[in-house]
Amino acid sequence: LPSDARHRRAVRSPGAQPLADETLDEFRARVRAWFAEHVELTGGVGESMDGVAVARRFQAALFDAHLAGITWPAEYGGQGLTTAHQLAFNEEAEP
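Residues numbered from 1 in each chain as written. Predicted model: local features only at pLDDT ≥ 70, side-chain atom pairs only at ≥ 80, totals over all residues. Heavy atoms only, no water.

A. Spotlight on helix H4 (residues 83-93). Those residues of H4 lying buried are His85, Ala88, Phe89 and Glu92. For H4, the angular spread of the buried residues around the axis is 100 degrees, confining them to a single face. (Buried < 20%, exposed > 50% of the residue type's maximum accessible area, 1.4 Å probe, protein only. Helix = DSSP H or I, 4+ residues; strand = E, 2+ residues; numbered from the N terminus. Arc of directions from axis to C-beta.)

What follows is the structure, given as C-alpha cells:
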C-alpha cells in the first residue's frame, strides 16, 4: 500500500489510539503492555528472508498500535511526540 493509504488504514484500526493528553507514564505503560502482548514478534531476526518477513510484521504491528515514528511530525505519518517518549519506548523495548 502507498504510505498515505497505509496510514489511513491504521488510523481506522481498533488498536490503541494515541491520546493527546496521554502522560509519559501512561505512554510507557501502553508500550509495556504492547510488548507483553506481542512478544512473539520480538524474537531474534536473522538476515534470511524469514527474518525479513518477521521484521516487516513487527514494524506493521508497531505502526498499527501507533508506536512507530514516535518523534516524527504527525503530518508525515508520525506520532509527533517528544524525545522523552522515544526514550521511554526504547527503555521498554530492551529485553
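That was the structure; now back to the text.
B. Structural view of the packing of aromatic side chains. Overall, the coordinates contain 4 aromatic pairs when judged by the stated rule. With centroids separated by 5.1 Å and ring planes inclined at 85 degrees, the aromatic side chains of Trp34 and Phe35 adopt a geometry described as edge-to-face. Note on Trp34: relative accessible area 8%, which makes it buried. Every member of this aromatic cluster is reached through a ring pair, and the members are Trp34, Phe35, Phe58 and Phe89. (Phe/Tyr/Trp six-rings, centres within 6.5 Å; stacked < 30°, edge-to-face > 60°.)

C. Expanded view of unusual backbone geometry. With phi around 60 degrees, His66 is a residue other than glycine that occupies positive phi space. Inspection of the secondary structure puts His66 in the loop between helix H3 (49-64) and H4. For His66, a relative accessible area of 6% translates into the label buried.

D. Structural view of the pattern of salt bridges. Scanning the entire structure with this criterion turns up 4 salt bridges. For Glu22, the salt bridge is made with Arg30, and the minimal N-O distance between the two is 2.9 Å. Residue class for Arg30 comes out buried when judged on its relative accessible area of 14%. For the salt bridge of Arg28 with Glu91, the shortest nitrogen-to-oxygen distance reads 2.8 Å. Residue Arg28 is located in helix H2 (residues 24-37), and its partner Glu91 is located in helix H4; the two are separated by 63 residues in the primary sequence. On the accessibility criterion, Glu91 (47% relative accessible area) is partly exposed. (Salt bridge = Lys/Arg side-chain N within 4 Å of Asp/Glu carboxyl O.)

E. View of the environment of Ala29. Residue placement: Ala29 occurs in helix H2. Expressed as a C-alpha distance, the spacing of Ala29 and Ala88, which sit 59 residues apart in the sequence, is 9.6 Å.

F. Summary view of the side chain of His38. Locating His38 in the fold gives a position in the loop between H2 and H3. A residue is classified by how much of its surface remains accessible, and His38, at 18% relative accessible area, is buried. At 2.8 Å, the side chain of His38 and the backbone oxygen of Trp34 are in polar contact. (Polar contact = N/O pair within 3.5 Å; in protein donor to acceptor, adjacent residues only side chain to side chain.)

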